[in-house]
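So you can see what is in the structure, the chains are spelled out below.
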Amino acid sequence: MYKTNTPTEYREQLRGRILETAMKEFCARGIKQVKMDDIAQKLAISKRTLYEIYANKEALLFEGIKQREEDYDHQIKKFMATKTVTVIDVMALYYKLRMDAVKDLNPMFFSDLHKYHRIIAYLTQLHTQRSVQMKDFFEAGVKQGFFCVDANIMLMSDIEQVVMRYVMEAQLYQKYGVQHIFHNVLLLFIRSICTEKGIAQLETQINSLK
């Protein structure tokens, strides 16, 4: 006999499909342009079913953003745990993951995202938590000779966030493009804390990704 999914299993699978489909649509078209009706039609489900799982678009977007960030952290931690790596290896992966995330991203996604204050508050808190966790990572980089001993990684991380916020508020992506902006801002941040040895190694790894 074939094993059939229970109603709970089906609902969890559907929840995952809704999340995946919605985030693809948000990234491709911008958040404002995507209606809950569009997502329901895309999945061939009723609006009632969709609203039973996600009360509104903000709840759906919040869970999608949270899952994306958790997946990002998981990939970084898994990479660091499964092999012997240098801090430059980790920074190169950080660069790659961020660049992959914005490769086909509609610029309106960011401008729309800043209208959701709950989500921005979550991302701000997450940034603060990550900055604190970077202390041991930075100290390891200093010992390896890749990070400058007098660099303030938390300050530079905060500056990166301020720069990205200004970029979105000033809509500079219309002039330069999202991926080009991320490439320059990320490298500016990483290079700012690196020694000459670190920069040379970073350039080698970044070039190998092209």
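Everything here concerns the structure above.
Scope of this entry: the structure provided in the associated data block. Note that this is a predicted model, so its numbers are computed, not measured.

So, the packing of helix 7 (residues 117-144) against helix 8 (residues 153-169)
The geometry of helix 7 relative to helix 8 is characterised by a closest axis approach of 9 Å and an angle of 145 degrees between their N-to-C directions. Both helix 7 and helix 8 take part in a crossing whose hand is right-handed. Contact residues: His-127, Ser-131, Val-132, Met-134 and Phe-138 in helix 7; Ile-153, Met-154, Ser-157, Asp-158 and Gln-161 in helix 8. Classifying every residue of the contact of helix 7 with helix 8 gives five nonpolar, four polar and one charged.

Side note on a nonpolar patch on the surface
Together, Leu-155, Ile-159 and Val-163 line one region of the surface with nonpolar side chains, adding up to about 220 Å² of accessible area. Along the chain, Leu-155 falls in helix 8. Judged by relative accessible area, Leu-155 falls into the partly exposed class, the value being 44%.

A few points about the state of the cysteines
Between two cysteines, a covalent bond joining their sulfur atoms is known as a disulfide. A full pass over the atoms with the stated rule returns zero disulfides. In this structure Cys-148 is not part of a disulfide, and its nearest cysteine sulfur, from Cys-194, lies 7.3 Å away. With relative accessibility at 23%, the residue Cys-148 sits in the partly exposed group. With a relative accessible area of 6%, Cys-194 lands in the buried category.

Some details on the nonpolar core
Core analysis: the biggest nonpolar cluster contains 65 residues, and Ile-18, Phe-26, Ile-39, Leu-61 and Phe-109 have the highest contact counts within it. The element contributing the most residues to this core is helix 5 (residues 87-102), with ten residues.

A short note on the pattern of salt bridges
Per the stated rule, a full pass over the model turns up 15 salt bridges. As a salt-bridge pair, Lys-42 and Glu-25 come within 3.7 Å of each other at their nearest N and O atoms. Residue Lys-42 is found in helix 2 (residues 36-43), and its partner Glu-25 is found in helix 1 (residues 7-29); the two are separated by 17 residues along the sequence. A relative accessible area of 56% means that Lys-42 is categorised as exposed. When the shortest N-O distance is used, the salt bridge between Glu-69 and Arg-130 registers 2.8 Å.

What counts and how
- Residues numbered from 1 in each chain as written.
- Predicted model: local features only at pLDDT ≥ 70, side-chain atom pairs only at ≥ 80, totals over all residues.
- Heavy atoms only, no water.
- Axes fitted to C-alpha atoms, helices over the stretch in contact; angles between N-to-C directions.
- Helix = DSSP H or I, 4+ residues; strand = E, 2+ residues; numbered from the N terminus.
- Left-handed = near helix turned anticlockwise from the far one by under 90°.
- Contact = heavy atoms within 4.5 Å.
- Nonpolar A, V, L, I, M, F, W, Y, C, P; charged D, E, K, R; others polar.
- Patch = residues over 30% accessible without salt bridge, like charges linked within 9 Å, V, L, I, M, F, W, Y side chains within 5 Å.
- Areas by Shrake-Rupley, 256 points an atom, 1.4 Å probe, with all protein chains shown as cover.
- Salt bridge = Lys/Arg side-chain N within 4 Å of Asp/Glu carboxyl O.
- Buried < 20%, exposed > 50% of the residue type's maximum accessible area, 1.4 Å probe, protein only.
- Disulfide = S-S within 2.5 Å.
- Core = buried A, V, L, I, M, F, W, Y, C linked by side-chain atoms within 4.5 Å.

Any functional reading would require information beyond the geometric quantities listed.
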